[in-house]
Amino acid sequence: MNLKCIIFDVDGTMADTERDGHRVAFNLAFAENDLKWVWDENLYGQLLKITGGKERIGYYQNNFLKQEVLSDDEIIQLHKCKTKHYIKLLEAGKIPLRKGVKELIEAAFKEGIRLAIATTTTPINVTTLLKSTLGENAENYFDVIAAGDIVANKKPAADIYNYTLAYLGFNANDCIAIEDSNAGLLSAAQAGIKTIVTTNGYTKNQDFSKAELVKSNCEEINTELLTQIIAGEIYV
Ligand code: XBP
Ligand code: MG
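Conventions adopted
- Residues numbered from 1 in each chain as written.
- Chains lettered and ligands numbered in written order.
- Predicted model: local features only at pLDDT ≥ 70, side-chain atom pairs only at ≥ 80, totals over all residues.
- Heavy atoms only, no water.
- Buried < 20%, exposed > 50% of the residue type's maximum accessible area, 1.4 Å probe, protein only.
- Helix = DSSP H or I, 4+ residues; strand = E, 2+ residues; numbered from the N terminus.
- Pairing = 2+ DSSP bridges.
- Right-handed = clockwise from strand over helix to strand, strands pointing away.
- Domains from an automatic or database assignment.
- Contact = heavy atoms within 4.5 Å.
- Buried area = accessible area lost by both parts, 1.4 Å probe.
- Salt bridge = Lys/Arg side-chain N within 4 Å of Asp/Glu carboxyl O.
- Polar contact = N/O pair within 3.5 Å; in protein donor to acceptor, adjacent residues only side chain to side chain.

**A short note on the pairing of strand 4 (residues 175-179)**
In terms of burial, strand 4 is a largely internal element, five of the five residues being buried. Neither face of strand 4 is left uncovered, since the one carrying Cys 175, Ala 177 and Glu 179 and the one carrying Ile 176 and Ile 178 both have all their residues buried. Alignment of strand 1 (residues 5-8) against strand 4, held across four bridges, turns out to be parallel. Of the residues in strand 4, the one forming a bridge with Cys 5 is Cys 175. Relative to strand 5 (residues 194-198), strand 4 runs parallel, the two sharing four bridges. Of the residues in strand 5, the one forming a bridge with Ile 178 is Ile 196. The parallel pair strand 4 and strand 5 is bridged by helix 8 (residues 182-190), and the resulting crossover is right-handed.

What follows is the structure, encoded as structure tokens:
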């Protein structure tokens, strides 16, 4: 079957948002709220096991601090503060797209392939990243931006991909996902969607045995490979 749609993950796939974006924003929010928590690069790598910022804070206090410092409502407030800082970082142009992402979006769009986003992060984080990197009208590339709390269960659950498929009215076989992490791959795979993984520093040693292809970045999904993908010819 010929490909109809490419579904992009955002964090770690479209941009290296985690280490220099989300992590920094979490730490700024902790400081602003008089919490003496500091998530260094190594600790953050361990915390990435849990997707979703609010969920990550909850996991940190339960499993690392081993006490409930913040209630669920306080976590929601702290996370709003984190989002505020993250948006400021994006608007300051601190987070570029990864190599080849812009080119792949433009090439697929030109070929008439529909584009979508399925991510765990907060919706405004996605739209701000798109605007700050691809311009004011960048959202127009995408048929749907499925993000954050729109579904009950975050990746590795299949919910966000199932939501995206239902919104588009496509079958899993019509689409391919681009992900950077094991959690994202499992999410897409459980929705039955074939996945290309583009690894990054935090994810390169994870298990990607369920992926169709594993690449270092989107630049490696060149014109020749894109043509094969569109024709439904990709295989491990
Ligand atoms: C991304 C995430 C996100 C960000 C934080 O996972 O786990 O939670 O780290 O975003 P994926 P929020 O790339 O697999 O979608 O703080 O807005 O939740
Ligand atoms: Mg990701």
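**Remarks on the domain arrangement of the chain**
Domain parsing of the chain yields domain 1 (5-15 + 97-230) and domain 2 (18-91). Distance from the C-alpha centre of domain 1 to the C-alpha centre of domain 2: 24 Å. In this complex, domain 1 contributes 14 residues to the contact, which on the side of domain 2 involves 19 residues. Here domain 1 meets domain 2 over a buried area of about 1200 Å², counting both sides, of which 58% is carbon and sulfur. Our count for the domain 1 to domain 2 interface comes out at two salt bridges. Between Glu 55 and Lys 154 there is a salt bridge, and its shortest N-O distance comes to 3.0 Å. Remark: the boundary between domain 1 and domain 2 carries five residue pairs in polar contact (both at pLDDT 80 or more).

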